[in-house]
Amino acid sequence: MIGEGVMNIKRIPAKFIYLIFLAALVFSLGSVPGMADESYNSSLMGQVFAAAEADLGVVGPEHTLIITDIGSPAGSYVFLDDFYSEFYDRDLLYTKNLLTVQNSRNSPLWFAFFDKCSGNCTYIEVSYENESKISYKVTENINFGTLSKTPKSRAMWSEKVNKTVFDGREFAILTTSNGWATGKLDYELMQCLELHNHFCPGVSSGYVLANWMEENYPLKEGVGYTVFSCPNWCKDDVFVKRWDVTPGTGGIRVSSLTDDEKEALGGSPAGIFVVTDKNAGTMKAVVLGFDFDVVNAKCGAKDDDPGWVSKYLADLWLMDRENWNTEGLVSVISVMDIDEATLNEMKQADNNPYVVLGLLDPTENTDPSKNGAHGTGNSTN
Ligand SMILES: [Zn+2]
């Protein structure tokens with residue numbers, strides 16, 4: 001090259017420029033790891049993980065669950081790549097160590113790191129509007145067995161719930177973390193919790209009902225469900241996630257019933273599941289009930305238990321598939337063949353689908369002021 005350069009003087013400036021470019025390139029390449037490392041260490045997500053590790057010790061795949069609403073709060077998506085970089089740096093697994101829940105756009109960006117060995121949970125909120133920083137951090141022991149053991153321990157946690165120590169997410173974090181720690185929380189149920197954002201008996205009942213439907217009216221090719229979630233409660237989010245029945249596509253309709261209407265339907269109606277089989281050319285309305293009295297009687301909860309105790313005990317009982325066939329838990333109120341015209345009538349805003357099916361008298365008391373809140377699953381704390 002030198003010889004060539006000496007022989008062809010005209011080419012030297014071009015080569016010189018080329019060399020400078022090359023040197024600059026080598027220099028910049030050499031500096032990339034250092035620069036990346038620096039921004040990495042000072043990144044907000046790096047701070048979040050470090051803050052959790054300062055309180056919990058090592059965050060690792062065997063014992064850590066991270067629950068976060070990252071991606072939901074406005075603009076928080078910009079932290080997703082950094083978050084997953086920190087996440088995978090610790091050998092954590094998407095299906096084992098993470099629950100990314102849906103929250104509203106005006107929610108804070110928050111993270112709960114749960115360590116199942118100690119039962120400790122570090123809850124962190126960050127702000128990122130002007131300056132990116134950790135705005136709140138607290139570490140609490142949320143082991144259900146410890147918290148629910150004595151009247152004193154219960155009162156202590158109930159007090160922390162009242163003080164919203166996890167900024168109102170105490171129930172969601174406690175039930176999800178403890179359910180996960182049992183090792184028996186079905187991942188497909190966890191996927192529903194991502195949409196529902198908390199683990200409650202209501203969403204658990206939806207999981208039982210969804211599995212009942214799939215077992216009795218399998219989702220074969222050409223088969224689809226249209227759901228009339230009436231009365232509605234937390235269960236309905238399971239159907240949305242599991243069957244892709246969304247309000248926008250007309251797959252699910254949600255409405256309530258008065259206490260009198262519930263009574264007339266046997267006391268515990270859950271909804272109408274219309275099964276359309278395109279191949280067979282059939283349409284069936286499967287009307288199901290779900291009885292929380294059965295759950296409450298069997299799960300070990302007592303009348304004077306605080307909500308976080310009785311609901312978690314109900315969750316635990318409903319997590320066990322062995323219990324799903326308990327008599328009276330799921331009941332078939334009616335199964336009937338219907339046609340397209342009936343389905344369309346059921347969909348009209350003015351119509352009560354149970355009246356359309358002839359299961360309710362149209363003159364039944366429909367005073368909405370007598371509409372009782374469903375006993376379980378609606379409240380989050
Ligand atoms: Zn719920």
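Anything mentioned here points back to the structure above.
Quick caveat: nothing in here was measured; it's all calculated off a predicted structure.

Asks: An account of the overall build of the chain is requested, with residue identities and associated values reported.
Replies: Of regular secondary structure, the chain possesses 16 helices and 10 strands. For the chain, the residues scored as buried account for 35% of the 381 residues in total. Within the chain, residue pairs in contact and separated by at least 24 positions form 70% of the contacts whose partners lie at least 6 positions apart.

Asks: Requested: an account of the sheet that holds strand S7 (residues 252-254), with residues and values cited.
Replies: The sheet built from five strands is open, its strands ordered S7-S6-S8-S9-S10 with mixed pairing. Pairing within the sheet leaves two strands with one partner each, and these edge strands are S7 and strand S10 (330-337). Within the sheet, the average angular offset between the axes of one strand and its neighbour, ignoring direction, is 20 degrees. Two elements, strand S6 (residues 223-229) and strand S8 (residues 269-277), share six bridges in a ladder whose sense is antiparallel. Following the sheet pairing, Gly224 is matched in S8 by Thr276. Each of S6 and S7 touches helix H11 (residues 236-243); the most contacted strand, S7, lies at about 165 degrees to it.

Asks: Please provide a residue-by-residue account of the sheet that holds strand S2 (residues 98-100), values included.
Replies: Overall, mixed pairing links the five strands, which are arranged S2-S1-S3-S4-S5 in an open sheet. Since the sheet does not close on itself, it has two edges, and those belong to S2 and strand S5 (133-141), each with one partner. With direction set aside, neighbouring strand axes in the sheet form an average angle of 15 degrees. Both strand S3 (residues 109-115) and strand S4 (residues 120-127) contribute to a ladder of seven bridges, which runs antiparallel. Looking at S4, one finds that Phe113 is bridged to Thr122.

Basis of the calculations
- Residues numbered from 1 in each chain as written.
- Predicted model: local features only at pLDDT ≥ 70, side-chain atom pairs only at ≥ 80, totals over all residues.
- Helix = DSSP H or I, 4+ residues; strand = E, 2+ residues; numbered from the N terminus.
- Buried ≥ 20, exposed ≤ 12 C-beta atoms within 10 Å, placed from the backbone.
- Contact = placed C-beta atoms within 7 Å.
- Pairing = 2+ DSSP bridges.
- Axes fitted to C-alpha atoms, helices over the stretch in contact; angles between N-to-C directions.

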